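The primary structure of each chain is shown beneath.
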Amino acid sequence: QVQLAESGGGLVQAGGSLRLSCASSGSAFRPMGWYRQAPGKQRELVAAISRGGSMTNYADSVKGRFTISRDNAKNTVYLQMNSLKPEDTAVYYCAADFDYSNILTGRSNYWGQGTQVTVSS
């Protein structure tokens, strides 16, 4: 019923910036977020945002560097990533659910296919 499509990943040097986009099918507002997974590591929450955008959460490792936002008119959520570090290298996945707590706990019912972010030193 809900499909998510990520875009905007790529290769960037340390200190650079990227903006990821997640386009959602349909027009329903819902909590959404971004997760990432590097080879050999567990999936981790990067950022989450409520339906109206008034509430956000960030992993400690990205606070002050990443910003999550949404444009509900376009059914799109963004992740602006600044001051990128090599440890940010991972596949980034967009997540959506009808319950904000499911975003925070990784129990989202809907996931995108992922977009690769590679940060070189």
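Scroll up to find the structure this text is about.
Throughout what follows, the structure given in this document is the object of discussion.

Ordered by their spatial adjacency, four strands build an open sheet running β1-β3-β8-β7, and the pairing between neighbours is antiparallel. In this open sheet, the two edge strands, each paired with only one partner strand, are β1 (4–7) and β7 (66–71). Going across the sheet, the axis of each strand differs from the next one's by a mean of 15 degrees, ignoring polarity. Examined bridge by bridge, β1 and strand β3 (residues 18–24) share four bridges and lie antiparallel to one another. Note on β3: the bridge partner recorded for Ser7 is Ser21.

Within the structure shown, the criterion is met by one disulfide. Residue Cys22 pairs covalently with Cys94 via a disulfide, S to S 2.0 Å. On the sign convention where negative is left-handed, the bridge of Cys22 and Cys94, at about -85 degrees about the S-S bond, is left-handed. Taken together, the residues span a long stretch of sequence, with Cys22 in strand β3 and Cys94 in strand β9 (residues 90–96) at a distance of 72 residues. Judged by relative accessible area, which is 0%, Cys22 ranks as buried. Here Cys94 falls in the buried class, since its relative accessible area comes to 0%.

A few words now on the pattern of salt bridges. Counted by the stated rule, this structure contains three salt bridges. In this structure, the salt-bridge partner of Arg36 is Asp88, at a minimum N-O distance of 2.9 Å. Linking Arg36 in strand β4 (residues 32–37) with Asp88 in the loop between β8 (76–81) and β9, this pair joins segments that are 52 residues apart in sequence. Look at Arg36 and you get buried, because its relative accessible area is 6%. By relative accessible area, Asp88 is classed as buried at 0%. Between Arg65 and Asp88 there is a salt bridge, and its shortest N-O distance comes to 2.8 Å. Of this pair, Arg65 sits in the loop between β6 (56–58) and β7 while Asp88 sits in the loop between β8 and β9, and the two are 23 residues apart along the sequence. In this structure Arg65 comes out as buried when scored by relative accessible area, which is 11%. When salt bridges that share partners are traced, they join Arg36, Glu44, Arg65 and Asp88 into one network.

Counting residues in each nonpolar core, the largest one holds 27 residues, and the members touching the most others are Trp34, Leu79, Met81 and Tyr92. Taken together, the elements giving at least two residues each to this core come down to β3, β4, β5 (44–49), β7, β8, β9 and β11 (115–120). Among the elements that take part in this core, β9 stands out by supplying four residues, more than any other. Filtering out sequence-adjacent residues up to four positions away, Met81 remains in contact with Gly16, Ser17, Leu18, Leu20, Arg65, Phe66, Tyr92 and Val117.

The rules we used
Residues numbered from 1 in each chain as written. Predicted model: local features only at pLDDT ≥ 70, side-chain atom pairs only at ≥ 80, totals over all residues. Heavy atoms only, no water. Pairing = 2+ DSSP bridges. Helix = DSSP H or I, 4+ residues; strand = E, 2+ residues; numbered from the N terminus. Axes fitted to C-alpha atoms, helices over the stretch in contact; angles between N-to-C directions. Disulfide = S-S within 2.5 Å. Buried < 20%, exposed > 50% of the residue type's maximum accessible area, 1.4 Å probe, protein only. Salt bridge = Lys/Arg side-chain N within 4 Å of Asp/Glu carboxyl O. Core = buried A, V, L, I, M, F, W, Y, C linked by side-chain atoms within 4.5 Å. Contact = heavy atoms within 4.5 Å.

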